[in-house]
Amino acid sequence: MSSSTELTEKKVFLLKSLDGVIFEVEESVAVQLEVIRELIEGDCARPFISLYNVTSEILALVIEYCKHHAETCSGGTSATIADEDLKTFDNEFMNVDENILLELCSAADYLDIKSLFELTCRTLASLIKDRTIIEVRKMFNVENDFSVVEEKAVRKEFAWAFK
Amino acid sequence: MQCQFWKVGEHQNLFMANLIVLKSEEQQRLSKLKKEDRREDLISILPNAILQHILSFLPTKDIIRTSILCKRWKNLWTSISNIDLWDSIDITKSDYLKRRASFLDSVERILLQHDDSNIERLRLSFKMPVNPTHVYSWISVAIKHNIRKLDVSLPLGCIYSLPCDLFTCESLTELRLYMACFFNPSLIHWPNLKELHLSQVTIFNRSSTQFFSSIPLLQNLVLVNCEWENIRRLSISVPNLRCLIFKQCSDPEDLLDCEIVVRVSNLVYLNCISNFSVNLLVSAC
């Protein structure tokens, strides 16, 4: 029985990144991308799905994330161990520079991968939390386009928050 | 390109795929820009919905502070759905009054300048005395924004009044009031309320049976030092109630002859400290 299951051909899908790199992914991974799942269900996922706004660098990471989550969830381990494993993986996975994190967040939103979207948003928030405004500006290259007078006015409006 | 492989008639799927292509053209341009300059501000170009979701993980004070990052961020705070405000001002400090005024001014701004979006949760937890008129208007704002979870905790020493609309607020799922106030509405209608915590609340002119029948989905009930005017028999008969905490440690004189009857069929937790007898009937309501 088990050998026949192994021999069953696994369904694969081809995802093409913005820069033309084609990734082959198994169905269990592809369906985690809600946008792709809908195309697969509508039988519109052939010959490949072009993802014009995700670079190969980011798509590779997204696939790595979905693959790990798909394998852990179907691995037959207990829910507690699987949860712990995913937590450790997620923490390590988020250990990337801010720009990659932002692109991952954007890609997760576009590809509609809820868990990755939550994870990246939460991580980005943790980078903002407890940092001064100057540090946050520097971290994300935010240019302060307020004039001195304008910034002073905003600070005055919410003096409580800036003490 | 891949459209040629699709069967005629799959309009919905074609539409979806086209949507991806259309969205992509703009994104392609953005990605190109991103590649050209990795030092570009990549966070401010995110759509409002994403930025607001990132902000939702931050405490309210930190959200407000992001308003001076740059002009793009200036008004993002006006649509935050979770507002959590508490005072942590040291009363012994010389500038206490100034800080207090500045804090209350911010609370007023945050609530009154909120945009049209819903407020999911509002928590106001103050140790400092607050003008009851302000509290009334803040709760009114929350109701107008279809508040789901309202949690107000205010110091004793003042009686607060509540807007009538609160008692018919259908969006409410959780209500926690730790403040001296009166419940005296002509109608109570909380069809979605599952959690109710009341402390120091006085309930007027309403039989307890009538009161609890207005909250059909109630699961968790906490009553601490509440008064039921002109009620001698307090009957808590709630079919879905799972958790009941009842504490009555205040002056028992008014309630000397009072009897509490609890009729429940799904209770899993009960904590009762009372100066008078409690009749617990675990039965179908």
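For clarity, every value in this text was computed on a predicted model and none was experimentally measured. (Residues numbered from 1 in each chain as written. Chains lettered and ligands numbered in written order. Predicted model: local features only at pLDDT ≥ 70, side-chain atom pairs only at ≥ 80, totals over all residues. Heavy atoms only, no water.)

**Q** Outline the overall build of chain A, supporting the account with residue identities and numerical values.
**A** Helix and strand counts for chain A come out as nine helices and three strands. What you see in chain A, going N to C, is helices and strands ordered as α-β-β-α-α-β-α-α-α-α-α-α. Scaling as 2.2 N^0.38, a compact globule of 163 residues should have a C-alpha radius of gyration of about 15 Å, whereas chain A reaches 21 Å, well beyond that. Dimensions of chain A, computed from the C-alpha atoms along their principal axes, are close to 75 × 40 × 25 Å. Expressed as a percentage of its 163 residues, the buried residues of chain A come to 46%. In chain A, the share of contacts with a sequence separation of at least 24, taken over all contacts with a separation of at least 6, comes to 55%. Surface exposure of chain A reaches about 8800 Å², of which carbon and sulfur atoms provide 53%. Taking the average location of the 17 positive side-chain charges in chain A and that of its 31 negative ones, the two points are 8 Å from each other. (Helix = DSSP H or I, 4+ residues; strand = E, 2+ residues; numbered from the N terminus. Rg over C-alpha atoms; globule rule 2.2 N^0.38 Å. Buried < 20%, exposed > 50% of the residue type's maximum accessible area, 1.4 Å probe, protein only. Contact = heavy atoms within 4.5 Å. Areas by Shrake-Rupley, 256 points an atom, 1.4 Å probe, with all protein chains shown as cover. Lys, Arg positive; Asp, Glu negative; His and termini not counted. Charge placed at Lys NZ, Arg CZ, Asp CG, Glu CD.)

**Q** I'd like a description of the confidence of the model for chain A, backed by residues and values.
**A** Residue and element names in this part refer to chain A. Per-residue confidence for chain A averages 87 on the pLDDT scale, and 91% of its residues sit at or above 70. Mean pLDDT values for the elements of chain A range from 46 in helix α1 (residues 2-7) up to 96 in helix α7 (residues 114-128). Within the model, pLDDT remains below 50 along residues 1-7, and this stretch shows zero contacts once partners closer than five positions in the same chain are excluded. (pLDDT = per-residue confidence, 0-100.)

**Q** Requested: an account of the environment of S153(B), with residues and values cited.
**A** Residues and elements named next belong to chain B. Summarising the element assignment, S153 is placed in strand β3 (residues 149-153). The class of S153 is partly exposed, set by a relative accessible area of 22%. When the C-alpha atoms of S153 and L172 are compared, they prove to be 17 Å apart, with 19 residues separating the residues in sequence. Leaving out residues up to four positions away in the same chain, S153 has contacts with L124, S125, F126 and Y178.

**Q** I'd like a rundown of the interface of chain B and chain A, residues and numbers included.
**A** Each side of the interface is counted separately: chain B has 51 residues, and chain A has 56 residues. In total, chain B and chain A occlude about 5200 Å² of area from one another, counting both sides; carbon and sulfur atoms represent 66% of this. In this structure, the connection of chain B to chain A is made through two salt bridges. The partner of K71(B) in a salt bridge is E150(A), and the shortest N-O contact between them spans 3.6 Å. Summed over the shared surface of chain B and chain A, the number is eight residue pairs in polar contact (both at pLDDT 80 or more). For the side of chain B that touches chain A, the secondary-structure elements that each account for two or more residues are α1 (11-36), α2 (48-55), α3 (60-65) and α4 (96-112) of chain B. Grouping the constituent residues of the side of chain B that touches chain A by class yields 22 nonpolar, 12 polar and 17 charged. (Buried area = accessible area lost by both parts, 1.4 Å probe. Salt bridge = Lys/Arg side-chain N within 4 Å of Asp/Glu carboxyl O. Polar contact = N/O pair within 3.5 Å; in protein donor to acceptor, adjacent residues only side chain to side chain. Nonpolar A, V, L, I, M, F, W, Y, C, P; charged D, E, K, R; others polar.)

**Q** Can you break down helix α8 (residues 133-140) of chain A residue by residue, with the values?
**A** Of all the residues in α8(A), the buried ones are I133(A), V136(A), R137(A), M139(A) and F140(A). For α8(A), the arc enclosing every buried residue in end-on projection is 165°, short of the 170-degree limit, so these residues lie on one face. Residues of α8(A) that are exposed and point over 90 degrees away from its buried face: I134(A) and K138(A). If you follow the buried residues of α8(A), they end up packed against α6 (98-111), α7 and α9 (148-157) of chain A together with α3 of chain B. (Arc of directions from axis to C-beta.)

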